[in-house]
Amino acid sequence: MTNDGTDGTGGADGADRTDRPGSPLRFAYSPCPNDTFVFDAWAHGRVPQAPPIDVTFADIDVTNGMAERAELDVLKVSYAVLPWVLEDYALLPCGGALGRGCGPLVLTREPVSGAALGGRTVAVPSERSTAYLLFRLWAADEVPGGVGEVVVLPFHEIMPAVRDGRVDAGLVIHEARFTYQEYGLHRVADMGEHWEITTGLPIPLGAIIARRTLGAQTLHELAAATRASVRMAWEDPEASRPYVREHAQEMDPAVADQHIGLYVNEFTADLGADGYAAVRGLLTRAAAEGLVPPLAGDALAFP
């Protein structure tokens with residue numbers, strides 16, 4: 001098991017696991033509490049008959065790049081990156097992060113309206129993220145003339161940058177929902193709230209994808225292992241606590257519990273009709289705005 005936030009075990013060659021029969025699947029997900037909670041049982045060999053995995057930890061912007069380079073076998077990525085990777089990877093119908101009341105926030109140092117961000121500098125965690133797509137869709141409706149310069153910063157640097165006046169506003173994700181007031185910041189808008197009001201759909205955030213070359217049987221085994229790992233986490237949440245704490249050492253345990261409660265839900269066990277509708281709705285709207293390439297009609301289908 002590798003704890004690596006940069007390049008992982010995949011290397012530049014992107015070799016398939018099929019070239020190394022019997023070796024563990026190379027799986028990259030984030031050290032965030034929702035991922036370590038969901039995959040604890042599988043990563044530690046407690047899911048019966050689950051394929052073994054070799055885990056690399058990396059933030060979502062890093063795993064998005066890994067997917068675009070087709071480096072690993074299984075990855076947690078942003079739904080926003082799917083239009084660029086679905087030729088090589090299939091979307092698993094479980095294990096990801098969707099929900100309600102869990103969207104990214106736009107924050108400022110002083111209380112202002114969304115309209116006041118016209119022409120202003122905004123820090124975002126990535127331009128290949130669901131958060132960024134939701135932000136751009138919100139800004140198209142709420143910011144006359146659009147925002148000004150967009151600056152990409154690691155998500156943990158965004159709130160300090162807003163607080164210190166280095167940028168006018170910041171788009172934040174993850175546990176920042178629970179901690180932004182500690183930085184003296186103000187919420188301008190909730191991107192997820194805007195999405196839910198305008199579509200009625202849950203908010204699609206992170207997806208689990210796996211190489212198509214693994215074959216349909218292995219893909220179904222991965223989905224079954226993911227669902228089993230989720231169920232085991234729910235049935236015995238105390239079992240995952242050491243793994244969660246190990247990789248979220250700087251996070252207050254109460255915040256970690258809030259994080260898990262918000263991002264691990266029924267959509268983690270199964271996307272279902274509403275989950276698929278949310279994903280397709282986001283990517284269709286984003287394509288109409290020229291933010292992502294259009295999806296083929298069957299691109300999201302699970303083999």
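Residues numbered from 1 in each chain as written. Predicted model: local features only at pLDDT ≥ 70, side-chain atom pairs only at ≥ 80, totals over all residues. Heavy atoms only, no water.

Novice: Just to check I follow, could you spell out the pairing of strand β11 (residues 203-211) for this structure?
Specialist: Side-chain positions along a regular strand alternate between the two faces of the sheet. Summarising burial for β11: 9 of the 9 residues are buried, a large majority. Across 5 bridges, the pairing between strand β3 (residues 74-78) and β11 is antiparallel. In the sheet register, Lys76 faces β11, and the bridge partner there is Ile208. Bridge count for strand β4 (residues 89-91) against β11 is 3 bridges, and the pairing is antiparallel. The partner of Tyr89 across the bridge, within β11, is Arg211. Both strand β5 (residues 97-99) and β11 contribute to a ladder of 3 bridges, which runs antiparallel. The residue of β11 that forms the bridge with Gly99 is Ile203. (Buried < 20%, exposed > 50% of the residue type's maximum accessible area, 1.4 Å probe, protein only. Helix = DSSP H or I, 4+ residues; strand = E, 2+ residues; numbered from the N terminus. Pairing = 2+ DSSP bridges.)

Novice: Sorry if this is basic, but what is going on with the packing of helix α1 (residues 33-43) against helix α10 (residues 253-263) here?
Specialist: When two helices pack together, their arrangement is given by the angle between the helix axes and the distance between those axes. At a minimum axis distance of 8 Å, the contact between α1 and α10 shows a crossing angle of 70°. Comparing the axis directions of α1 and α10 gives the class roughly perpendicular. Counted together, Pro33, Asn34 and Phe37 of α1 and Ala256, His259, Ile260 and Tyr263 of α10 form the full contact between these two elements. Counted by class, the contact of α1 with α10 contains 5 nonpolar, 2 polar and no charged residues. (Axes fitted to C-alpha atoms, helices over the stretch in contact; angles between N-to-C directions. Parallel < 35°, antiparallel > 145°, perpendicular 65-115°, else oblique. Contact = heavy atoms within 4.5 Å. Nonpolar A, V, L, I, M, F, W, Y, C, P; charged D, E, K, R; others polar.)

Novice: When you look at the environment of Ser30 in this model, what are you seeing that I'm missing?
Specialist: Mapped onto the elements of the fold, Ser30 is located in the loop between β1 (25-29) and α1. Placed 253 residues apart in sequence, Ser30 and Leu283 show a C-alpha to C-alpha distance of 23 Å. Apart from the residues within four sequence positions on either side, Ser30 is in contact with Asp35, Thr36, Phe57 and Ala58. One polar contact links the side chain of Ser30 to the main-chain amide nitrogen of Cys32, over a distance of 3.1 Å. At a separation of 2.8 Å, a polar atom in the side chain of Ser30 contacts the side chain of Asp35. (Polar contact = N/O pair within 3.5 Å; in protein donor to acceptor, adjacent residues only side chain to side chain.)

Novice: Help me out: how do you make sense of unusual backbone geometry in this one?
Specialist: In terms of backbone geometry, most residues other than glycine have negative phi values and most peptide bonds are trans. Despite not being glycine, Gln49 has its phi angle at roughly 65°, a positive value. For Gln49, the position within the fold is in the loop between α1 and β2 (53-57). Owing to a relative accessible area of 83%, Gln49 belongs among the exposed residues under this scheme. Of note in the backbone geometry, Ala70 takes a positive phi value of approximately 55° without being a glycine. If you trace the backbone, Ala70 turns up in the loop between α2 (60-68) and β3.

Novice: Before we go on, may I ask you to explain the pattern of salt bridges in this structure?
Specialist: Where charged atoms from two side chains of opposite charge approach closely, those side chains can pair. This model, assessed by the stated rule, comprises 13 salt bridges. For Arg211, the salt bridge identified is with Asp73, shortest N-O distance 3.5 Å. Linking Arg211 in strand β11 with Asp73 in the loop between α2 and β3, this pair joins segments that are 138 residues apart in sequence. In this structure, Arg211 and Asp73 share a single accessibility class: buried. Notably, a salt bridge pairs Asp257 with Arg241, separated by 3.1 Å at the nearest N-O pair. Taken together, the residues Asp257 in helix α10 and Arg241 in helix α9 (residues 237-246) connect sequence positions 16 residues apart. Accessibility expressed as a relative area gives 35% for Asp257, which makes it partly exposed. For Arg241, a relative accessible area of 23% translates into the label partly exposed. Here the salt bridges do not stand alone but share partners, grouping Arg26, Asp73 and Arg211 into one network. (Salt bridge = Lys/Arg side-chain N within 4 Å of Asp/Glu carboxyl O.)

None of this, on its own, says anything about what the molecule does.
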